[in-house]
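Spelled out, the chains give:
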Amino acid sequence: MSTVGVDAEMIEIEVLKCQKCELVEPIPSHCGKPMQIVGDSFVCWKGEHTPCCGKPSVLPVPVHHNKQMVIRRAMAKLMKNGTVFITEVLD
Ligand SMILES: [Zn+2]
Ligand SMILES: [Zn+2]
């Protein structure tokens with residue numbers, strides 16, 4: 001177990017990052033899991049299907065600085081209430 005403290009634990013997650021600047025966004029999830037990038041779209045891990053969680057199962061990947069954002073690993077603090085704070089993006 002982590003020794004960061006009783007309120008938070010450090011976890012490694014995947015985030016969406018701009019290829020030019022430090023903009024970081026969470027990866028959208030569908031059917032309870034992170035969506036996967038296929039071409040220039042996010043697709044539900046179950047594949048394209050009729051919306052069942054109230055959101056479309058295919059979304060465009062965000063573009064920043066005229067480039068498609070990419071998936072990077074990051075360290076984050078997971079708070080007891082479920083909130084995640086990204087502390088460092090890894091290469
Ligand atoms: Zn950017
Ligand atoms: Zn889904």
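Structure: above.
Attention here is on the structure that accompanies the text. (Residues numbered from 1 in each chain as written. Chains lettered and ligands numbered in written order. Predicted model: local features only at pLDDT ≥ 70, side-chain atom pairs only at ≥ 80, totals over all residues.)

Buried residues are scarce in strand S11 (residues 84-89), accounting for 0 of its 6 residues. Pairing of strand S10 (residues 70-79) with S11 involves 5 bridges; the strand directions are antiparallel. In the strand pairing of S11, Met75 is matched with Glu88. Here S10 hands over to S11 after 4 residues, with Gly82 in that stretch at a positive phi of 95 degrees. (Buried ≥ 20, exposed ≤ 12 C-beta atoms within 10 Å, placed from the backbone. Helix = DSSP H or I, 4+ residues; strand = E, 2+ residues; numbered from the N terminus. Pairing = 2+ DSSP bridges.)

This brings us to the pairing of strand S1 (residues 8-17). By the bridge criterion, 10 bridges tie S1 to S10 in an arrangement that is antiparallel. Counted as the bridge partner of Val15 is Arg72 from S10. Across 3 bridges, S1 lies against strand S2 (residues 24-26) in antiparallel orientation. Bridging from a neighbouring strand, Lys17 pairs with Val24 of S2.

Our next topic: the sheet that holds S2. The sheet built from 4 strands is open, its strands ordered S2-S1-S10-S11 with antiparallel pairing. The open sheet has two free edges, formed respectively by S2 and S11, since each of these has just one partner strand. Strand-to-strand, the axes of this sheet are offset by a mean angle of 50 degrees, without reference to chain direction. (Axes fitted to C-alpha atoms, helices over the stretch in contact; angles between N-to-C directions.)

Here the focus is the sheet that holds strand S7 (residues 58-60). A sheet is described by the order of its strands in space; here 3 strands give the open sequence S5-S6-S7, paired in antiparallel fashion. Each edge of the sheet is formed by a strand with only one pairing partner; in this case those strands are strand S5 (36-38) and S7. Put simply, the sheet's adjacent strands are angled 35 degrees from each other on average, direction ignored. In the sheet, strand S6 (residues 41-43) pairs with S7 via 3 bridges, with the strands oriented antiparallel. Among the inter-strand pairings, Phe42 is bridged to a residue of S7, identified as Leu59.

On to unusual backbone geometry, then. Backbone geometry at Cys31 places phi at a positive 50 degrees, although glycine is not the residue there. As for its position among the elements, Cys31 is in the loop between strand S3 (29-30) and strand S4 (33-34). The class of Cys31 is partly exposed, set by 13 C-beta atoms lying within 10 Å. Positive phi, normally seen in glycine, also occurs at His65, with a value near 50 degrees. Mapped onto the secondary structure, His65 falls in the loop between strand S8 (63-64) and strand S9 (67-68).

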